[in-house]
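Below, each chain spelled out in residue letters.
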Amino acid sequence: MILLRRGHLPIRTCVVCGRKEPKFALLRMALDFEEKKFIVLDRDQCLEGRGAYVCPGCLPRLRFTKRVQKAFRNKAKGLAQDIRQ
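Residues numbered from 1 in each chain as written. Predicted model: local features only at pLDDT ≥ 70, side-chain atom pairs only at ≥ 80, totals over all residues. Heavy atoms only, no water.

1. Describing the overall build of the chain
Step number 1: Along its length, the chain carries one helix and six strands.
Step number 2: Put simply, the chain runs from its N terminus to its C terminus through helices and strands in the order β-β-β-β-β-α-β.
Step number 3: Contacts in the chain between residues far apart in sequence, at least 24 positions, make up 50% of those at least 6 positions apart.
Step number 4: Charge-centre separation for the chain: the mean point of 20 positive side chains lies 12 Å from the mean point of 8 negative side chains. (Helix = DSSP H or I, 4+ residues; strand = E, 2+ residues; numbered from the N terminus. Contact = heavy atoms within 4.5 Å. Lys, Arg positive; Asp, Glu negative; His and termini not counted. Charge placed at Lys NZ, Arg CZ, Asp CG, Glu CD.)

2. Things to note about a nonpolar patch on the surface
Step number 1: Judged by side-chain polarity, Leu9, Ile11 and Phe24 come together as a nonpolar surface patch covering roughly 340 Å² of accessible area.
Step number 2: Its place among the elements puts Leu9 in the segment before strand E1 (11–13).
Step number 3: We classify Leu9 as partly exposed; its relative accessible area is 45%. (Patch = residues over 30% accessible without salt bridge, like charges linked within 9 Å, V, L, I, M, F, W, Y side chains within 5 Å. Areas by Shrake-Rupley, 256 points an atom, 1.4 Å probe, with all protein chains shown as cover. Salt bridge = Lys/Arg side-chain N within 4 Å of Asp/Glu carboxyl O. Buried < 20%, exposed > 50% of the residue type's maximum accessible area, 1.4 Å probe, protein only.)

3. Overview of the nonpolar core
Step number 1: Residues Val15, Met29, Ile39, Leu62, Phe72 and Ile83 are the most contacted members of the largest nonpolar core, which totals 20 residues.
Step number 2: Put simply, the parts of the chain that give this core at least two residues each are strand E3 (27–32), strand E4 (38–41), strand E5 (51–54) and helix H1 (66–71).
Step number 3: It is E5 that contributes the most residues to this core, three residues altogether.
Step number 4: Ignoring anything within four residues of it in the chain, the contact list for Ile83 reads Met29, Ile39, Val40, Leu41, Leu59 and Leu62. (Core = buried A, V, L, I, M, F, W, Y, C linked by side-chain atoms within 4.5 Å.)

4. Quick notes on unusual backbone geometry
Step number 1: In this structure, Gln45 takes a positive phi of about 55 degrees despite not being glycine.
Step number 2: Structurally, Gln45 is set in the loop between E4 and E5.
Step number 3: Judged by its relative accessible area of 34%, Gln45 falls in the partly exposed class.
Step number 4: Notably, Arg73 is not glycine yet its phi reads approximately 55 degrees, a positive angle.
Step number 5: With respect to the secondary-structure elements, Arg73 resides in the loop between H1 and strand E6 (78–79).

This is the structure:
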């Protein structure tokens, strides 16, 4: 049986800087399978599948690196064109 504690905050790690922050303070990225498996921002956090998180301040520095590729288990082909806007 799993007991949920009151006041629990899910913690996620930014794929650019590695800083750990509460989930609501980071932006979620997910794969968009309709666009040939490119990484897009999931602003509503409703896209299904594996996701990764990035700090709003790190978004301009986001590049398609090995760390980002590993977060998506090597299924991503690249970043979408409008991800940094």
